[in-house]
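Structural overview for review
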Amino acid sequence: MRSSLARWASYGATGLTLVFGTALLVSFVAQSLPVWRHEGLAYVTGSVWHFRSEQFGVLPMIYGSVVVSIVALALAAPLAVGAAIWSAEYLNGRNRWWFKVPIELLAGIPSVVYGLLGVLLLRNWIYELFERFEPLSGDTLLTAGVLLAVMILPTVMTLADDALRGVASSQRRAARALGFTQAEGVLRVSLPQAAPGLVAALLLGLGRAMGETIAVFLVVGRQDSQADYGLRSWLEAGQTLTSKLGSSETFLAYGDPLHWSAIVGLGLVLLALVLSLTLAAGRWLPETGLARNRRA
Amino acid sequence: MRKWIDRGLPIACAICAVACCALLLGIVATILARGLPVLSGEFLSAADGELLGSGGIRYQLFGTVLLVATALAVGAPLALGWALVQAVWVRSQRGRRLLRRTLYAVNAVPSILFGIFGLIVFVKYLDWGKSWLAGGILLGLMIVPTIAVALVERIEALPAKYVRAAAGLGLSKGRIVTSVILPQCWSGGASGALIGLARAAGETAPILFTAAVFSGVTVPHGVVESPVLALPYHIFVLAQDSFDPEAGAHLWGSAFVLLALVLALSLLALPLRLRAAEEAQHG
Amino acid sequence: MRRTFALLVAGVLAGVPAAAALRVIGSTTVNPVVSEAAAILRAEAGLEIQVDTAGGSSGGIAALADGRAEMAMVSRPIKVADRQRFPGVDFRSTTIGADALALVVSADVWSAGVRCLSREQVRGLYERRIARWSEVGGPDRQVVFFNKEPGRGTWEVFADWLYGGVEATPMVSHPEVGSNEEARSKVASTRGAITQLSAAWADGVRTFALGLCETGLPVAHPTRAAVAAGDYPLSRPLTVVTDGPPVGVARRLIDFVLGGRGQALVTRHGYLPLSQANGEGGHP
């Protein structure tokens, strides 16, 4: 009797969650159909977004999302992997616990707080630091990337730490027995053994950076079409998929079916990018660990 | 050469580790230094004033608590059900893997997409306008993976002999769930829930279009057309206006309160969470 | 079980209609006045008024048409295009004051001696043909144009004045800003910056409102006196808009804003009260 009730309730809850998940996917596909019909593939390859003339090209936003995520990863990865090596290879249980406390807390800081710090501090630092390159203002793709680097640091660090600690201690002992120093053991045994997990950590960090909205919105400058796609554009204002979705254009599009579907389409593109990164990471890291990925 | 590497590597790694901690310290110190002077009993208990960004944050705080409580009420049962299905009821490895993968996929969905989804479902389709319930449901769905994964980890780490012993006593599987598995694993669920709540409390993107307004709202009377104020949204709006000193003080005070709330929830979860991680690691 | 209960409670609550709250959405230029009036009416008369600025003037109009709001704050005249887009809505707009829209620049541009721009120069700046301030008598620094988001009343008034209409405005790509506060704070913190902004928001310390100068004509400064006299071309009405004649809470809010205390709020925020606004303020 109780068995069937508990079972029924569990399956009911799971079913409900699945219904919501499916509804999310379906609504993004269905509601973006008009813009796919209107633009075709040019929706993702077009580089002009101008809703008044019904031109919807998402390439600048994809470019912006990719640039900020790559900058974030390039800055966060060395720091995170270094800290993870320190934690996994050099600290013993008790000390490691203490080291993990601030990392866990860092992971908990809301993105709007990062955004606030970005607006009030980072924006000006970047502006002054790169003055000789004449950045347009402090709101640049680079600013967003640096801010994101701090935000994904705990995610990458925790996952890298898990990956390194997943290397069997017998492997380490064997390395020592072969006459490796501790550092050599880390470089020649632990890191290669943990490589798949580290790759997964980086992919998930990239995914998280790509999905982050609020902090990026506040510092990215929100300029729809890039003047160019060179390195120079990193020091100019840009737009990401998420900053566009979070902008007031979402409200403005609300009543216009085509414009609205163009906005929802941005979400579909974002979903496709983030899910493929996550699935790719899942191939590298099939068991646990993915769970620790924090949502952007 | 070997000697240098052997010395250099730990130093370099330690520098990375110290830098990570320094970042946290720097962020907390910055918010603390600017937010603490603003903080007072009145700031917490007064409603916002006539001028934009003046007065207190009473209803912003209330709105955030309401959203978070709703998220818990929605997310916890769903996550509990999911975790039991994945870790107890489904026996085939393939089924479990499929469920786990699905959970990770849901976990990866960026929060802004929950916001847009909410706009489509609650605002457009159900015609609720902005509503606290819509925000709570979205935040609740968002934290299902966090809670469920924590629970599943705990259930899977449960020594098999407990379950065998209970089965030996002739208990049904439902009985084993309620009297063995849940009592043993509640801490996993609780820590997951706390982390999830910390996340829900700090989220802006899901409530941007669906639940929060900037001013003029107190306690909602119903569901339809019943938005709330919320701390993250308040900070988000004021952060775009980093100029007015009056609003600035209000802004840092709000940021401090939000950060304190979120860090307190994370800290509460920490002992449970890290202990579980250590146990899982050492089996 | 708990979930079923929660759903049940939600169902019961959903059946109870919210009290007759007035929802106001729209322009950040009009917002300070309406927000403060709403706060006073909340405190003194217990009226329930929600004010939000998502999407600016056009966002407010869309919200009014969609039934997401009972009142829109609009910092421009209602246009034929609005009526065509939402034929089912009976737009009733009430002017509560007037405002000068100015080109506002950062301190370095101002202190280098730029005091006014001609329409042709503004076009050049907007279309990025003029890339450095030295071309219009300013410092040797690149021009950073913070463009108001599409849909903001400020932007539409600017487009009407400069190009004679939103449709005729060329497509450009600039960093975008939303609210007036955001525009002001970004101009203040960026060298070589310019934006379209209500003159009342320029503080004269870090942000400065330029005049408009055409050859052979005296410089028109965006002052209240010039707007009142009809000498400044870029002025606009500040309005609140309802669907049909305002009733109930909307009526009371409008009455308050049009009354002495409400008009004092208009003045306090640097806008022109109705008594000086020349009917609707001489908008283009």
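Worth saying up front: this structure is predicted, and the values here are computed from it rather than measured.

1. Let's talk about the overall build of chain C
- Within chain C, the regular secondary structure consists of eleven helices and eleven strands.
- In terms of overall size, chain C behaves like a compact globule, its C-alpha atoms giving a radius of gyration of 21 Å where 284 residues would be expected to give roughly 19 Å.
- For chain C, the spread of C-alpha atoms along the principal axes amounts to about 70 × 50 × 35 Å.
- Within chain C, the fraction of its 284 residues that count as buried is 59%.

2. Quick notes on the overall build of chain B
- Across its full length, chain B carries eleven helices and zero strands.
- In terms of overall dimensions, chain B has a C-alpha envelope of 70 × 65 × 35 Å along the principal axes.
- Sorting the 283 residues of chain B into buried and exposed places 59% on the buried side.
- The long-range fraction of contacts in chain B, counting pairs at least 24 apart against all pairs at least 6 apart in sequence, stands at 74%.
- Computed over 21 positive and 14 negative side-chain charges, the separation of the two mean positions in chain B equals 22 Å.

3. Brief notes about the interface of chain A and chain B
- Chain A puts 88 residues into the contact, and the matching count from chain B is 91 residues.
- Carbon and sulfur atoms make up 74% of the surface buried where chain A meets chain B, a total of about 8100 Å² over both sides.
- Between the two partners, chain A and chain B, sit zero salt bridges.
- Where chain A meets chain B, there are four residue pairs in polar contact (both at pLDDT 80 or more).
- No other element matches the 17 residues that helix H1 (residues 2-31) of chain A contributes to the side of chain A that touches chain B.

4. Observations regarding the pairing of strand E2 (residues 49-52) of chain C
All names here are of chain C.
- Side chains Ile49 and Val51 of E2 all project onto a buried face; the interleaved residues Gln50 and Asp52 project onto the opposite face, where all are buried too.
- Alignment of strand E1 (residues 22-26) against E2, held across four bridges, turns out to be parallel. When the bridges of E2 are listed, Arg23 appears paired with Gln50.
- For the handedness criterion, the β-α-β arrangement of E1, helix H2 (residues 31-45) and E2 is classed as right-handed.

5. Quick look at the pairing of strand E3 (residues 71-74) of chain C
Residues and elements named next belong to chain C.
- Covered by surrounding structure in E3 are Met71 and Met73 together with Ala72 and Val74, the residues of both alternating faces.
- Across three bridges, the pairing between E1 and E3 is parallel. Paired with Gly26 across the bridge in E3 is Met73.

6. What about the packing of helix H7 (residues 141-165) of chain A against helix H9 (residues 182-211) of chain A?
Residue and element names in this part refer to chain A.
- For the pair H7 and H9, the least separation of the axes is 8 Å and the interaxial angle reads 150 degrees. As summarised for this structure, H7 and H9 are arranged roughly antiparallel, according to the angle between their axes. The chirality of how H7 crosses H9 is right-handed. Judged by residue contacts, Leu148, Met151, Ile152, Thr155, Val156, Leu159, Ala160, Ala163 and Leu164 of H7 engage Ser190, Leu191, Ala194, Gly197, Leu198, Ala201, Leu202, Leu204, Gly205, Arg208 and Ala209 from H9.

7. Quick notes on the state of the cysteines
All names here are of chain C.
- Scanning all chains against the criterion turns up one disulfide over all chains.
- In this model Cys116 forms its disulfide with Cys213; the gap between the sulfur atoms is 2.2 Å. Across the S-S bond linking Cys116 and Cys213, the dihedral sits near 95 degrees, which makes this disulfide right-handed. Taken together, the positions of Cys116 in strand E5 (residues 116-117) and Cys213 in the loop between strand E10 (211-212) and helix H9 (224-228) put the pair 97 residues apart, joining distant regions of the chain. Residues Cys116 and Cys213 agree in their burial class; the two are buried.

8. Considering the environment of C:Ala100
All names here are of chain C.
- Turning to its location among the elements, Ala100 is positioned in strand E4 (residues 91-106).
- According to the relative accessible area criterion, Ala100 is buried, its value standing at 8%.
- Each C-alpha atom, one on Ala100 and one on Gly270, is 9.7 Å from the other, the two residues being 170 residues apart in sequence.
- Here Ala100 is in contact with Leu197, Ser198, Ala199, Pro222, Val227, Tyr232, Leu234 and Ser235, once residues within four sequence places are set aside.

9. Notes on the domain arrangement of chain C
All names here are of chain C.
- You can read the domains of chain C as domain 1 (20-98 + 237-276) and domain 2 (100-228).
- The straight-line distance from the C-alpha centre of domain 1 to that of domain 2 is 26 Å.
- Between domain 1 and domain 2, roughly 1300 Å² of surface is buried when both sides are summed, and carbon and sulfur atoms account for 50% of that area.
- If you sort the residues of domain 1 by the area they bury against domain 2, Thr28, Lys79 and Leu272 come out on top, with a joint share of 31%.
- At the junction of domain 1 and domain 2, the tally comes to two salt bridges.
- A salt bridge links Glu156 to Lys79; the nearest nitrogen and oxygen atoms lie 3.0 Å apart.
- Where domain 1 touches domain 2, the interface holds seven residue pairs in polar contact (both at pLDDT 80 or more).

10. So, the packing of aromatic side chains
- Under the defined criterion, the tally for this structure stands at 14 aromatic pairs over all chains.
- Their ring planes at 75 degrees and their centres at 5.1 Å tell us that A:Trp49 and A:Phe56 sit as a pair that is edge-to-face. Note on accessibility: A:Trp49 and A:Phe56 belong to one class, buried.
- With a centroid separation of 6.2 Å and an interplanar angle of 40 degrees, the aromatic rings of A:Phe130 and A:Phe133 are classed as tilted.
- Cluster of aromatic residues (ring-pair linked, three or more members): C:Tyr126, C:Phe145, C:Phe158, C:Trp161 and C:Tyr163.
- Above the face of the A:Phe217 ring, A:Arg222 is positioned so that its terminal group lies 4.1 Å from the ring centre.
- We note C:Arg119 situated over the ring of C:Trp161; from NZ or CZ to the ring centre the distance is 5.7 Å.

11. So, the pattern of salt bridges
Residues and elements named next belong to chain A.
- Evaluation of the coordinates by the stated rule reveals 33 salt bridges over all chains.
- For the salt bridge of Arg123 with Asp139, the shortest nitrogen-to-oxygen distance reads 3.5 Å. Of this pair, Arg123 sits in helix H6 (residues 111-129) while Asp139 sits in the loop between H6 and H7; the two residues are 16 residues apart in sequence, bridging distant segments of the chain.
- Asp139 gets classed as buried once you look at its relative accessible area, which sits at 2%.

Reading the values: rules and limits
Residues numbered from 1 in each chain as written. Chains lettered and ligands numbered in written order. Predicted model: local features only at pLDDT ≥ 70, side-chain atom pairs only at ≥ 80, totals over all residues. Heavy atoms only, no water. Helix = DSSP H or I, 4+ residues; strand = E, 2+ residues; numbered from the N terminus. Rg over C-alpha atoms; globule rule 2.2 N^0.38 Å. Buried < 20%, exposed > 50% of the residue type's maximum accessible area, 1.4 Å probe, protein only. Contact = heavy atoms within 4.5 Å. Lys, Arg positive; Asp, Glu negative; His and termini not counted. Charge placed at Lys NZ, Arg CZ, Asp CG, Glu CD. Buried area = accessible area lost by both parts, 1.4 Å probe. Salt bridge = Lys/Arg side-chain N within 4 Å of Asp/Glu carboxyl O. Polar contact = N/O pair within 3.5 Å; in protein donor to acceptor, adjacent residues only side chain to side chain. Pairing = 2+ DSSP bridges. Right-handed = clockwise from strand over helix to strand, strands pointing away. Axes fitted to C-alpha atoms, helices over the stretch in contact; angles between N-to-C directions. Parallel < 35°, antiparallel > 145°, perpendicular 65-115°, else oblique. Left-handed = near helix turned anticlockwise from the far one by under 90°. Disulfide = S-S within 2.5 Å. Domains from an automatic or database assignment. Phe/Tyr/Trp six-rings, centres within 6.5 Å; stacked < 30°, edge-to-face > 60°. Lys NZ or Arg CZ within 6 Å of the ring centre and 35° of its normal.

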